[in-house]
Amino acid sequence: MSAPRLELYRHLRRVRLLDERLVQLQRQGRVAFHGSCAGQEAAPVAAGLALEPSDWIFPALRESYVMLVRGYPLARYLAQDFGSSLDPSKGRQMPSHQSARAVNVVSWSSCIGTQLPQAVGMALAAKHQRKPHVCMVFLGDGATSHPDFHAALNFAGVFRAPCVFVCQNNQFAISVPVERQSANSLLYQKAAAYGLPGERVDGNDPELVLAAMRSAAARARAGDGPSFLECLTYRVGPHSSSDDPSRYRDETVTAAWLARDPIALVRRRLLEAGELDEPSDDALTLELTEELDEAVRAAEQAPPPPVSSLFDDVYAKRPWHLVEQAAELLGSRR
Ligand SMILES: Cc1ncc(C[n+]2csc(CCOP(=O)(O)OP(=O)(O)O)c2C)c(N)n1
């Protein structure tokens, strides 16, 4: 167990350091927006370790860090937050909306829930084409109220799509607590209505999340259909960099969840098992911090995407009115 647990820990620490840095960068006005995943790192990291590289992942706001676990370069990842030219999406998405074809992670839309039917559609395509791909799609507790949630689960259940739904129940949809979101706040029970097995797992125990994801993915891959995993966790930070949670919730509850930190749990287990000691942990912090400093420098110093790129990727053949607009814009910039 020791090497996998250390690997898990390393990814968790890397994600946490990056997430904390992004909070700082946003506060410094260097990045426009950030949706933190503090305390919820287990799910994106476990997804990266549980799935095959050829499987497809549809993240929501807090899971795109899975790209890094899949080997996506850190500086390119950060370039999306800065909107600089290193970003393959050319600065067109809001920060915290990473995606990359290179690692089979699909672009997320801020419109809650839209990724759910998309993932089911891709899973059904894989099934029809007899490809072994599994699709894992993430959602928050709030997304269970969206019509797309019900359409996606119904289609997945009826057509037995090789799909794994992972609901990160962090107990808030911005200011709306889960008890006001749903008359049944045991969200995993919703799966039964669509003929899917549903399971709730402690979302703050990365090893339990990893095991549950592995068995759900194996089930989908074996042709046994979709499943629904609810990771019970807590959003210890604000909804996003534009939110102040102290205005709508009791922060003593937050303090109790902060004491159940998922990374501290894995660290404790490693220390107890003698698989980690303080000096090697300090060395890891230093190594990951240096890597992060360098990646921030590279991502931020890259120039912005060229203005001419605005007209790319819209049509296969550029229509006359865009030819005209491009000429006018580029002409006026000379
Ligand atoms: C269709 C839609 N409705 C409302 C919103 C506004 N909105 C943005 S984030 C959010 C809460 C999402 O909560 P949840 O699904 O629990 O995910 P979390 O952000 O907590 O991870 C809402 C309601 C939106 N973006 N899209």
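Cut-offs used in this document
Residues numbered from 1 in each chain as written. Predicted model: local features only at pLDDT ≥ 70, side-chain atom pairs only at ≥ 80, totals over all residues. Heavy atoms only, no water. Pairing = 2+ DSSP bridges. Helix = DSSP H or I, 4+ residues; strand = E, 2+ residues; numbered from the N terminus. Axes fitted to C-alpha atoms, helices over the stretch in contact; angles between N-to-C directions. Contact = heavy atoms within 4.5 Å. Expected span 1.5 Å × (residues − 1). Buried < 20%, exposed > 50% of the residue type's maximum accessible area, 1.4 Å probe, protein only. Core = buried A, V, L, I, M, F, W, Y, C linked by side-chain atoms within 4.5 Å. 1 Å grid on protein atoms, 1.4 Å probe; cavity = no way out; pocket = protein on both sides within 12 Å on 5 of 7 lines; lining within 4 Å. Points joined across faces, edges and corners; volume = space filled by probe spheres on them. Near = heavy atom within 4 Å. Polar contact = N/O pair within 3.5 Å; in protein donor to acceptor, adjacent residues only side chain to side chain. Areas by Shrake-Rupley, 256 points an atom, 1.4 Å probe, with all protein chains shown as cover. Nonpolar A, V, L, I, M, F, W, Y, C, P; charged D, E, K, R; others polar. Right-handed = clockwise from strand over helix to strand, strands pointing away.

(A) View of the sheet that holds strand E3 (residues 163–169). Pairing within the open sheet is parallel, and its five strands lie in the order E1-E2-E3-E7-E6. Two strands in the sheet have a free side with no partner beyond their single neighbour: strand E1 (56–58) and strand E6 (198–202). If you compare each strand with its neighbour and ignore which way they point, the axes differ by 20° on average. One ladder, built from six bridges, connects E3 with strand E7 (residues 227–232); its direction is parallel. Each bridged residue has a counterpart across the sheet, and for Val164 the counterpart in E7 is Ser227. Contacting E1, strand E2 (135–140) and E3, helix H5 (residues 115–128) crosses the sheet at an angle of about 170° to E2.

(B) Spotlight on helix H11 (residues 278–301). Between the first and last C-alpha of H11 there are 34 Å, a value that for 24 residues agrees with the 34 Å anticipated at 1.5 Å per step. Buried residues of H11: Asp281, Leu284, Leu288, Leu292, Ala295, Val296 and Ala299, and no others.

(C) Structural view of the nonpolar core. By size, the foremost hydrophobic cluster in this structure holds 63 residues, and its most contacted members are Leu18, Tyr65, Leu78, Met136, Phe138 and Met213. The biggest single contributor to this core is helix H1 (residues 2–27), with eight residues. In contact with Leu18, not counting residues within four places along its chain, are Tyr65, Leu68, Leu74, Tyr77, Leu78 and Leu292.

(D) Fine view of the layout of surface pockets. Estimates place the volume of the largest pocket at around 400 Å³. For the lining of the largest pocket, the elements supplying multiple residues, two or more each, are E2 and strand E4 (172–173).

(E) Up close: the site of the ligand. Near the ligand, the surroundings consist of 14 residues, among which Arg62, Ser110, Gly142, Asn170 and Phe172 are the closest. Contacts to the ligand include Ala143, whose backbone N or O atom sits 3.1 Å from an oxygen atom. For the ligand, an oxygen atom lies 3.4 Å from a polar atom in the side chain of His239. Calculation on the ligand without its partners gives an accessible area of 580 Å², and the protein chains cover 67% of this total. Here the residues of the shell around the ligand sort into six nonpolar, six polar and two charged.

(F) Quick peek at the pairing of E2. Counting buried positions along E2 gives five out of six residues, so the element sits mostly inside the fold. Looking at chain direction, E1 and E2 are connected through three bridges and run parallel. Bridged to Phe58 within E2 is Val137. Note: E2 against E3, six bridges, orientation parallel. Residue pairing in the sheet places Cys135 in a bridge with Cys163 of E3. A crossover links E2 with its parallel partner E3, the connecting element being helix H6 (residues 147–159), and its sense is right-handed.

(G) Empty space enclosed by the protein, seen in detail. All chains considered together, the criterion is met by three cavities of 30 Å³ or more. Here the largest cavity is characterised by a volume of approximately 60 Å³. Surrounding the largest cavity, Leu22, His34, Gly35, Leu61, Arg62, Ser64, Tyr65, Tyr77, Asp81, Ser96 and Gln98 form its lining. Taken together, the residues of the lining of the largest cavity break down into four nonpolar, five polar and two charged.

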